[in-house]
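# What the coordinates show
Take a look at the letters that make up each chain.
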Amino acid sequence: MVNLQNVFFDYGEGETLKNISCRIDKGEFVAIVGANGAGKTTLCKLLNGLLKPSSGSVVINSMDTRTTKTSALAKSIGFLFQNPDRQICKNTVREEILFGLELAFKDKGLIEERLKNTLSTFGFQGDSNPFNLSRGERQRLALASLIAVEPEILILDEPTTGFDYMEAMKTMGTIKELNDKGATVIMICHDMEVVLDFAERVLVLAEGTIIADGQTREIFRKEEALEQASVLPPQLVQLALRLGEGFEDVFSVDEMASAIINRMNKERTFEHERFSGLCTG
Ligand SMILES: Nc1ncnc2c1ncn2[C@@H]1O[C@H](COP(=O)(O)OP(=O)(O)OP(=O)(O)O)[C@@H](O)[C@H]1O
Ligand SMILES: [Mg+2]
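Quantities reported herein were computed from a predicted structural model and do not represent experimental measurements.

Definitions and cut-offs
- Residues numbered from 1 in each chain as written.
- Chains lettered and ligands numbered in written order.
- Predicted model: local features only at pLDDT ≥ 70, side-chain atom pairs only at ≥ 80, totals over all residues.
- Helix = DSSP H or I, 4+ residues; strand = E, 2+ residues; numbered from the N terminus.
- Buried ≥ 20, exposed ≤ 12 C-beta atoms within 10 Å, placed from the backbone.
- Contact = placed C-beta atoms within 7 Å.
- Domains from an automatic or database assignment.
- Axes fitted to C-alpha atoms, helices over the stretch in contact; angles between N-to-C directions.
- Parallel < 35°, antiparallel > 145°, perpendicular 65-115°, else oblique.
- Left-handed = near helix turned anticlockwise from the far one by under 90°.
- Nonpolar A, V, L, I, M, F, W, Y, C, P; charged D, E, K, R; others polar.
- Pairing = 2+ DSSP bridges.

## Considering the overall build of the chain
- Tallying secondary structure elements over the chain gives 11 helices and 10 strands in all.
- On the principal axes, the C-alpha backbone points of the chain span a range of 85 × 45 × 30 Å.
- Out of the 281 residues in the chain, the part that is buried amounts to 36%.
- Put simply, of all contacts in the chain between residues at least 6 apart along the chain, 62% involve residues at least 24 apart.

Here's what the structure looks like:
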């Protein structure tokens, strides 16, 4: 469980985070959204203990980050940096994946099995040099190394940036599998289609403050808060918002099709009643 109480943070140039309080329970899938510079990465670095709050408290599984070593926190938390090159430090894909596994486990059999499964799930060749991979592939390698360990809490700073649609869906599918096994996922994301498809809850951050926190569908209807955070809802939701009455529950193509058919049927019934009224009247 993650618990932030009245958290303020300051890099020394004024408050970057202001009075953040929120609780994230085990197994939740939470997205953090907001404009560039809103404080999303700073917030995630407070969650993994890389940064400590200027005031207030951050508690992860009963460990207060101010009094717990980052290495102890790292046993429960996997953190994907916004830039994969801050994460990757080995000369082969195999060594990179083994690095985290060997820190987390002693059992050689388990380590070998996790390595084999991770290479095959992500489609990597163990002997490849990470620095010959594309940026997207390096991002997937950084993520693969984290997922291999199956951390209790996975914090992801823009896991799909630079990915095409298929790459993004594949990566998100793997993250969702870990979430289905009980891991908590906290993900910064600029792609609202991905947020709608995968996150159950959304925190909206604007100028260092949480201005909205709720179920994903509920948040994508809060036009004012989204505008304040410079976030546009997914295109289908924008269309549903414009169409108004009868389209309140539309968040997918199927729901849009049903809502259009309902509206057409209503209009037909209305026309029919009007025509019958004209004939009998
Ligand atoms: N190491 C640092 N030292 C001083 N200021 C910093 C540092 N890192 C970030 N900031 C400032 O803190 C604010 C929040 O930055 P942060 O990186 O948390 O935003 P973000 O929401 O992750 O943005 P983006 O979407 O661009 O990644 C910005 O004004 C940024 O310039
Ligand atoms: Mg950031």
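## Some points on the domain arrangement of the chain
- When cut into domains, the chain gives domain 1 (1-76 + 152-232), domain 2 (85-150) and domain 3 (234-281).
- Between domain 2 and domain 3, the C-alpha centre-to-centre distance is 51 Å.

## What about the packing of helix α3 (residues 93-104) against helix α4 (residues 108-122)?
- Remark: α3 packs on α4, axes separated minimally by 10 Å, with the N-to-C direction vectors making an angle of 135°. Taken together, the axes of α3 and α4 lie oblique to each other. The element α3 and its partner α4 pack so that their crossing is right-handed. Mapping the contact onto sequence places Arg94, Ile97, Leu98, Leu101 and Glu102 in α3 and Ile111, Arg114, Leu115 and Thr118 in α4.
- When grouped by side-chain class, the residues that make up the contact of α3 with α4 number 5 nonpolar, 1 polar and 3 charged.

## Looking at the pairing of strand β3 (residues 29-33)
- With respect to burial, β3 is a largely interior element, 5 of its 5 residues being buried.
- Burial along β3 is two-sided: Phe29, Ala31 and Val33 and Val30 and Ile32, pointing in opposite directions, are all buried.
- The pairing of β3 with strand β8 (residues 184-188) spans 4 bridges and is parallel. Residue pairing across strands places Val30 opposite Ile186, the latter belonging to β8.

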